[in-house]
Amino acid sequence: MFDEAQLSVSAYDTAWMAMVPTPTSSIQDSPFFPQCARWILDNQRSDGSWGLPRRDPSLTKDALSSTLACILALQRWGLGEQQVTKGLRFLDCNSASLTDQKQHVPIGFDIIFPGMIDCAKDLRLNLPFKSTDVDAMLTKRNVELTSGFSRNAEGRRAYLAYVSEGIQHTQDWDMVMKYQRQNGSLFNSPSTTAVAFSHLRDPDCLRYLSAILDKFENAAPTIHPLDIRSRLSVIDTLESLGVARHFTNEIKMLLDQTYQCWLQGDEEIFLNTTTCSMAFRLLRVYGYDVSSGLAVLKLPTDRLSPFSEDCFFNSLEGYLKDKTAVLELHKASQIIYPEEPILEELNSWTMNFLKQEFCNDSIYRDQIDESISTKIPFISFQVQDALTFPYHVDLDRLCHMRSIHHYSDIDYTWTLKTSYRCPNIGNKDLLKLAAEDFNFCQSIQQKELKLLGRWIIENKLDKLSFARQKLGYCYFSAAATIYAPELSDARISWTKNGVLTTVVDDFFDVAGSMEELINLVQLLEKGEVDDASIDFCSEEVEILFTAIRGTIREVGDMALAWQGRDVSSHINDIWVETVKSMLKEAEWSKNKWVPTMDEYLQNAGMSFALLPIVLPSVYLVGPKLSEEMVSSAEYKNLYEAMNTCGRLLNDWRGVQRESEQGTVNAVSVLMHEGGRTLDDAMEEVKRLIERETKQLLKLVLLEKENGIPNCCKQLFWNMTKACHLFYMNNDGYTNEEMVGVAKSILDEPIHLSP
């Protein structure tokens, strides 16, 4: 899987290589690549066709195209009379598919297939097609050849060059050769390169074709090379299935190689939008420093950035409205840092394109008899998933669960001029590994959740009638992001502190008197004291203080085992800062005081109480963190960006509830401070959320020498993603709309169909 692309061979491309004549004879009566002709003789299907085995019924046009190409190759050299007869019978039996609107149409079919009919006439081969169908196809080809599009004229020229085998004698070969690549190919397409070599005898074309046969022996794939894209697809699959952590060494090796190719401006990356976008996204996610401006690009052209709309629609992929390419561009646009207008524009136009195309696909699928195919087109699932769950919203285990469920139901067949498969992708062993891994992690998490349920009762937190009971939500946000079995301590700490911050927040917002609030703050400020000397002003304060202090002690003991030093005082300090900021907000509400936006954000980020959840867990994921690290500017920037995101998301979605409670809110502060309308204030808060999210992502992904370890920084991003998910539509943390989602992760094992 990690070595190189495993590509299915293409009968169609092999046939065009078989049609290349020997250039040493003026008569040209023998094939230059006889091994390709032999492959055609030996690989006809039982039904008389050539092409992919186990093809979907909707791909009959593809089979017709491959079969006709193979018939032409055999007829060209007077070979395989029996195979030609069987092939013609297949064409006859399936000729109705030529005009079937429900059939999938390979790229260039309306030009190439009529072109092959002309070739058949030259070879005195009688094809079993109705004259009316042939006339209709020839008319359609003429229309397509004479039509033009002003917006993407360059894309159209590239398309006409790509389908040269359907044009041949009227082709502008000088124009075609402008697209020749450093490896000698045209578009990495054996068929296009073969027909160009037949006409021009270009030595670089021959070098490319010979290299293919050196690798594949007697046949050709429909695209080559595809190694970088294939390897990136494997990494992407491992990520989406949740098993990438088992292949860290292999992934690093492949990404190191990809990064070197990126820095060198490798054509295999930069002349293919899909590969370029995937490389950009995965390299960024894994901490490599890659520019959205692609300033390192060293191609000998004046191409715009592959991420620009104009560049895309002036390319072959843009002319073809390649949804896979646009999808990868859209996914790349989500790995965005501050001040990257290229990616902002990219996100906008790709989203609009995909929404429109997905809508059209849905309408088209509704019109097709479901009995045609039980498989989901790979691109359809991917587009729907990307539009519904952007990168900053999608929790890891939710992504893994969806991918595992859909993995066995997706048809991993791609189509260019003919269909092909890449066995590296769609691997059933990977699916089995992913399902077993998911269920194993889930079984551990179910035990942890039961222990946490008993902890709630033992600490009498269930007796606090004013408090939201959010154990399931708190544990879900941990289990969906910190899911590795060995990170149990981090999940336990995350959940307990999450439950406590929720209860304490409710106490400060709606239940506690000022006397009780001050009492709780003062008790926590004292730190470790003799139980006999503690003076509680209410039972609620006693329950809260006892639970917080016990959790600080427990997490401190766990952290000691991981860190080799006592960090309890740091955890206690975090709690003290949190409750003091909550107290300040309570005083603002009591005195009806509206702070400035700067004053509000300085306090409100802390009062949202994410730090008592995340910072203790950072000590429990592996690396040792020195005191210098946890007091560094990098650490401070991480938690401040996370705090601001979380607080503003809560304010944005909870403005109505908090207004009714009389709680100060960022939206109301903006309305009071600047005289903004509600809509304007909401829009400003949304802008601030987007800015802080981008800033945090940059802090998390970009590696710094001797900085905070990546697995520790990832917890800040995990919490921010959880906040984005909970507040995606409304205040999903307060209401119960996420219960079903949490249940699916924690309670429902994955069962694979046989």
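Residues numbered from 1 in each chain as written. Predicted model: local features only at pLDDT ≥ 70, side-chain atom pairs only at ≥ 80, totals over all residues. Heavy atoms only, no water.

Under an unreviewed UniProt entry, the name given to the protein chain is ent-kaurene synthase, and the organism recorded is Linum tenue. Its UniProt record gives the protein chain the following Catalytic activity (unreviewed entry) comment, quoted word for word: "ent-copalyl diphosphate = ent-kaur-16-ene + diphosphate". In its Cofactor (unreviewed entry) section, the UniProt record describing the protein chain reads: "Mg(2+)". (UniProt positions renumbered as here; feature names shortened; annotations may be inferred.)

Once that is clear, we can look at unusual backbone geometry. Here the residue pair His-224 and Pro-225 is connected by a cis peptide bond, since its omega of 0° sits within 30 degrees of zero. Along the polypeptide, Pro-225 turns up in the loop between α10 (203-216) and α11 (227-241). Phi at Arg-124 takes a positive value of approximately 55°, unusual for a residue other than glycine. (Helix = DSSP H or I, 4+ residues; strand = E, 2+ residues; numbered from the N terminus.)

What follows concerns the nonpolar core. By size, the foremost hydrophobic cluster in this structure holds 243 residues, and its most contacted members are Phe-113, Phe-476, Phe-508 and Phe-716. Looking at this core element by element, the count peaks at 10 residues for helix α25 (residues 539-563). (Core = buried A, V, L, I, M, F, W, Y, C linked by side-chain atoms within 4.5 Å. Buried < 20%, exposed > 50% of the residue type's maximum accessible area, 1.4 Å probe, protein only.)

It is worth spelling out a negative patch on the surface at this point. A cluster of acidic residues, Asp-679, Asp-680, Glu-683 and Glu-690, forms a negative patch on the protein surface. Relative to the helices and strands, Asp-680 resides in helix α32 (residues 678-701). (Patch = residues over 30% accessible without salt bridge, like charges linked within 9 Å, V, L, I, M, F, W, Y side chains within 5 Å. Areas by Shrake-Rupley, 256 points an atom, 1.4 Å probe, with all protein chains shown as cover. Salt bridge = Lys/Arg side-chain N within 4 Å of Asp/Glu carboxyl O. Lys, Arg positive; Asp, Glu negative; His and termini not counted. Charge placed at Lys NZ, Arg CZ, Asp CG, Glu CD.)

Here we take up the environment of Ile-342. When you line up the elements, Ile-342 lands in helix α18 (residues 341-367). Under the relative-accessibility criterion, Ile-342 is labelled partly exposed at 31%. Spatially, the C-alpha atom of Ile-342 lies 7.0 Å from that of Phe-307, the residues being 35 residues apart in sequence. Excluding anything up to four places from it in sequence, Ile-342 contacts Ser-292, Gly-293 and Phe-307. (Contact = heavy atoms within 4.5 Å.)

This part covers the packing of helix α31 (residues 666-674) against α32. Two elements in contact, α31 and α32, have axes separated by 9 Å at closest approach and are oriented at 120°. In terms of their interaxial angle, α31 and α32 are classed as oblique. At the point where α31 passes α32, the crossing takes the right-handed sense. Residue-level contacts link Ala-666, Val-667, Leu-670 and Met-671 of α31 to Leu-678, Ala-681, Met-682, Glu-684 and Val-685 of α32. (Axes fitted to C-alpha atoms, helices over the stretch in contact; angles between N-to-C directions. Parallel < 35°, antiparallel > 145°, perpendicular 65-115°, else oblique. Left-handed = near helix turned anticlockwise from the far one by under 90°.)

Positionally, Met-401 belongs in helix α20 (residues 396-407). Taking the C-alpha atoms as reference, Met-401 lies 7.9 Å from Phe-438; in sequence the two are 37 residues apart. The contacts of Met-401, once residues within four sequence positions are left out, are Phe-438, Ser-744, Ile-745 and Ile-750.

Take the state of the cysteines next. Counted under the stated rule, the structure contains 0 disulfides. Unpaired in terms of disulfides, Cys-712 finds its nearest cysteine sulfur in Cys-711, a separation of 4.2 Å. (Disulfide = S-S within 2.5 Å.)

Let us look at the packing of helix α23 (residues 488-511) against helix α24 (residues 514-526). The interhelical angle for the contact between α23 and α24, taken along N-to-C directions, is 150°, at an axis separation of 10 Å. The orientation of α23 relative to α24 falls into the category roughly antiparallel. α24 is crossed by α23, and the crossing has left-handed handedness. Two secondary-structure elements touch here, α23 through Phe-507, Phe-508 and Ala-511 and α24 through Glu-516, Leu-517, Leu-520 and Val-521. Class assignment of the residues belonging to the contact of α23 with α24 gives a composition of 6 nonpolar, no polar and 1 charged. (Nonpolar A, V, L, I, M, F, W, Y, C, P; charged D, E, K, R; others polar.)

With respect to the element layout, Gln-334 can be found in the loop between α17 (323-333) and α18. At 2.8 Å, the side chain of Gln-334 forms a polar contact with the backbone nitrogen of Tyr-391. Ignoring anything within four residues of it in the chain, the contact list for Gln-334 reads Asn-347, Ala-386, Pro-390, Tyr-391 and Leu-697. (Polar contact = N/O pair within 3.5 Å; in protein donor to acceptor, adjacent residues only side chain to side chain.)

The terminal C-alpha atoms of helix α14 (residues 273-285), which comprises 13 residues, lie 18 Å apart, in line with the 18 Å expected from a rise of 1.5 Å per residue. When you tally the buried positions in α14, you get 12 out of 13 residues, the bulk of the element. Here α14 has its buried residues at Thr-273, Thr-274, Thr-275, Cys-276, Ser-277, Met-278, Ala-279, Phe-280, Arg-281, Leu-282, Leu-283 and Arg-284. Capping the start of α14 is the job of one residue whose side-chain oxygen sits 3.1 Å from the backbone nitrogen of Thr-274: Asn-272. In the segment just after α14, Gly-287 is the residue with positive phi, at about 90°. (Expected span 1.5 Å × (residues − 1).)

Now for the side chain of Ser-8. Within the secondary structure layout, Ser-8 lies in the segment before α1 (11-18). At 2.8 Å, the side chain of Ser-8 forms a polar contact with the backbone nitrogen of Arg-421. In this structure Ser-8 touches Leu-52, Pro-221, Tyr-420 and Arg-421, once residues within four positions along its chain are discounted.

The next subject is the packing of aromatic side chains. Scanning the model with the defined rule gives 24 aromatic pairs in all. The interplanar angle of 50° and the centroid separation of 4.9 Å between the aromatic rings of Trp-262 and Phe-270 together place this pair among those described as tilted. As far as the burial class goes, Trp-262 and Phe-270 line up, both buried. Plain terms: the ring middles of Phe-507 and Phe-508 are 6.3 Å apart, the flat faces sit at 85° to each other, and that makes the pair edge-to-face. Under the relative-accessibility criterion, Phe-508 is labelled buried at 6%. Three or more aromatic residues link up through ring pairs in this structure, and these residues are Phe-312, Phe-313, Trp-349 and Phe-353. When the ring centre of Phe-197 is taken as origin, the NZ or CZ atom of Arg-201, which lies over that ring, is 5.6 Å away. Its end group placed over the ring of Trp-652, Arg-653 keeps NZ or CZ at 3.9 Å from the ring centre. (Phe/Tyr/Trp six-rings, centres within 6.5 Å; stacked < 30°, edge-to-face > 60°. Lys NZ or Arg CZ within 6 Å of the ring centre and 35° of its normal.)

With that settled, consider the pattern of salt bridges. Per the counting criterion, the structure on display carries 31 salt bridges. In this structure, the salt-bridge partner of Asp-651 is Arg-647, at a minimum N-O distance of 3.3 Å. With Asp-651 and Arg-647 both in helix α30 (residues 633-661) and 4 residues apart, this pair spans about one turn of that helix. For Asp-651, a relative accessible area of 0% puts it in the buried group. Judged by its relative accessible area of 4%, Arg-647 is buried. What emerges from the salt-bridge pattern is a single network uniting Asp-236, Arg-281, Glu-328 and Lys-331.

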